[in-house]
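Geometric and topological summary
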Amino acid sequence: MKSTEGILKYLKQLDARAAVVAISAGDGVKHILHVDETHDSETIVHPRRKEEFLLGRTAAHSALRQLGSEELVAVRRGARNEPIWPDGFTGSITHCYPWTVVAVARRQQIRAIGIDLENMERMKTEDVRGVICGPAELNWVAERDSVERLTRLFSAKEAIFKALYPLCSRYFDFLDVELKWTKSADGFSGALLTTLSSDLIRGFGFRVVSHRSDQMIFSYLIAGLTVSKCAPCAAGSEIQREVSD
Ligand SMILES: CC(C)(COP(=O)(O)OP(=O)(O)OC[C@H]1O[C@@H](n2cnc3c(N)ncnc32)[C@H](O)[C@@H]1OP(=O)(O)O)[C@@H](O)C(=O)NCCC(=O)NCCS
């Protein structure tokens with residue numbers, strides 16, 4: 001598949017600090033699971049969703065091993081379905097059938113990661129722009145390539161949620177973040193429009209890398225070790241420097 005080959009090639013050169021593992025459901029990969037993860041999977045009713053969960057944990061253990069973790073420690077499921085990484089590690093998981101992608105890093109180097117893989121076909125059938133986009137984002141989507149642009153925004157915002165939720169334990173909506181496309185950087189700069197915690201305050205800025213390969217959009221955000229504050233909606237914080245390093 002052209003698109004997934006492109007994504008995999010891209011993932012390999014993404015960030016030297018993160019171990020990135022991608023598995024396809026069709027590969028017949030043998031599950032690597034901790035007993036607690038098997039237990040967590042028992043609450044998932046839908047068979048395909050359960051298989052994705054198991055592949056995600058299998059990929060997570062493979063990534064953790066690449067980073068030198070020798071023991072099989074469970075990646076449990078938190079109260080709002082967030083993965084609870086073993087001490088000293090952070091990461092993120094995404095599924096887009098048949099693909100599961102996991103990125104993991106040492107917490108000494110990276111504070112949080114958010115990744116998301118999305119198929120543009122999904123956006124052709126649902127008009128969710130009112131749910132996802134603020135006024136400036138709506139104008140950007142309406143200019144041209146609407147399906148691609150909407151998918152890029154949607155995927156980037158999901159990656160942001162996955163990176164920031166574990167840091168604040170607070171749900172936030174698509175309209176709580178504003179993104180602006182930065183062509184030269186192949187991604188978005190963005191900022192929080194609402195305060196989520198004492199350090200994730202309104203105006204907190206970040207960058208999300210957004211990569212298209214055929215019909216697939218992959219989004220990636222890393223949050224650095226220190227949190228720097230920036231002017232409202234003027235992206236360009238510690239996170240921005242980290243991504244472009
Ligand atoms: C949680 C959410 C982002 C997952 O995205 P998705 O496209 O549905 O699904 P994906 O396959 O890409 O990702 C699923 C993985 O996300 C991770 N995840 C789920 N909830 C999470 C949370 N609260 N925090 C961090 N990661 C989470 C899990 O690892 C999950 O995989 P797993 O169940 O196998 O462990 C999405 O369902 C959601 O709730 N979105 C609304 C909130 C939001 O995006 N706000 C926008 C803020 S700008």
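This is a predicted model, so every value here is computed, not measured.

**What about the pairing of strand β6 (residues 112-119)?**
Burial within β6 is extensive, with 7 of its 8 residues counted as buried. Here 8 bridges tie β6 to strand β10 (residues 216-223), and the two strands are oriented antiparallel to one another. Looking at β10, one finds that E118 is bridged to I217.

**Remarks on the site of the ligand**
For the ligand, the set of nearby residues contains 23 residues, the closest of which are E82, I93, H95, F161 and Y165. The set of elements that each furnish at least two residues to the shell around the ligand consists of α3 (47-66), β4 (89-96) and α7 (146-168). Per element, the largest residue contribution to the shell around the ligand is 7 residues, and it comes from α7. Tallied by class, the residues present in the shell around the ligand amount to 10 nonpolar, 4 polar and 9 charged. Per-domain counts for the shell around the ligand show at least three residues from each of domain 1 (18-109) and domain 2 (121-244).

**Details of α7**
Compared with the 33 Å implied by 1.5 Å per residue over 23 residues, the 32 Å span of α7 between its first and last C-alpha is a close match. Of all the 23 residues making up α7, 17 are buried; the element is thus mostly covered by neighbouring parts of the structure. Within two residues after α7, S169 carries a phi angle of roughly 50°, on the positive side.

**Focus: the sheet that holds strand β9 (residues 205-213)**
An order of β6-β10-β9-β8-β7 is seen for the 5 strands of this open sheet, with the pairing classed as antiparallel. Each edge of the open sheet carries a strand with a single partner, namely β6 and β7 (177-182). Sheet twist, expressed as the mean angle between neighbouring strand axes with direction ignored, is 25°. Examined bridge by bridge, β9 and β10 share 5 bridges and lie antiparallel to one another. When the bridges of β10 are listed, V209 appears paired with Y220. Of the strands in this sheet, β6, β7, β8 (187-192), β9 and β10 are in contact with α7, which crosses β6 at around 150°.

**Structural notes on α3**
Taking 1.5 Å per residue as the helical rise, α3 with its 20 residues ought to reach 28 Å, and the 29 Å between its terminal C-alpha atoms agrees with that figure. All buried positions along α3 are accounted for by E52, F53, L54, L55, G56, R57, T58, A59, A60, H61, A63 and L64. Looking at the buried residues of α3, the elements they touch are β1 (19-24), α2 (35-41), β4 and β5 (99-106).

What counts, and at which threshold
- Residues numbered from 1 in each chain as written.
- Predicted model: local features only at pLDDT ≥ 70, side-chain atom pairs only at ≥ 80, totals over all residues.
- Buried ≥ 20, exposed ≤ 12 C-beta atoms within 10 Å, placed from the backbone.
- Helix = DSSP H or I, 4+ residues; strand = E, 2+ residues; numbered from the N terminus.
- Pairing = 2+ DSSP bridges.
- Near = placed C-beta within 6 Å.
- Nonpolar A, V, L, I, M, F, W, Y, C, P; charged D, E, K, R; others polar.
- Domains from an automatic or database assignment.
- Expected span 1.5 Å × (residues − 1).
- Axes fitted to C-alpha atoms, helices over the stretch in contact; angles between N-to-C directions.
- Contact = placed C-beta atoms within 7 Å.

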